[in-house]
Amino acid sequence: MAAPLKRLERAALIVARGATDDTLKRTRGGFCSPKQPANIFTRRVMNWLYERALLDFDNPSCPACATLTPRGRAAADALVAESVAKAGLA
């Protein structure tokens with residue numbers, strides 16, 4: 001059984017799912033969505049998700065962007081659905 005996702009991993013998945021093409025772009029400060037530039041995630045967080053096969057880098061040695069895999073999209077959708085259910089909106 002895999003360990004549960006960390007708080008930052010969950011946040012990165014949700015932000016990536018809302019980004020254009022489910023992709024976070026690398027900036028000087030870290031990885032962020034063009035739609036939400038205030039939410040920046042470090043390479044360490046991206047590596048955690050990469051190791052879980054939830055996202056893939058365009059170039060693993062020096063990535064310019066990180067894109068969700070189908071498994072990552074499913075995990076992000078599940079997190080959103082869980083949050084909506086907790087809030088009583090569904």
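This one's a predicted model, so the numbers in the text were calculated from it and none came from an experiment.

As paired strands, strand E1 (residues 23-26) and strand E5 (residues 65-68) are joined by three bridges and run antiparallel to one another. Residue pairing for E5: Leu-24 is matched across the bridge by Ala-66. Pairing geometry for E1 and strand E2 (residues 31-33), over two bridges, is antiparallel. Residue pairing in the sheet places Arg-26 in a bridge with Phe-31 of E2. Once E1 ends, the chain turns through four residues before running back antiparallel as E2, passing Gly-30 with a positive phi of about 150°.

What counts and what doesn't
Residues numbered from 1 in each chain as written. Predicted model: local features only at pLDDT ≥ 70, side-chain atom pairs only at ≥ 80, totals over all residues. Heavy atoms only, no water. Pairing = 2+ DSSP bridges. Helix = DSSP H or I, 4+ residues; strand = E, 2+ residues; numbered from the N terminus.

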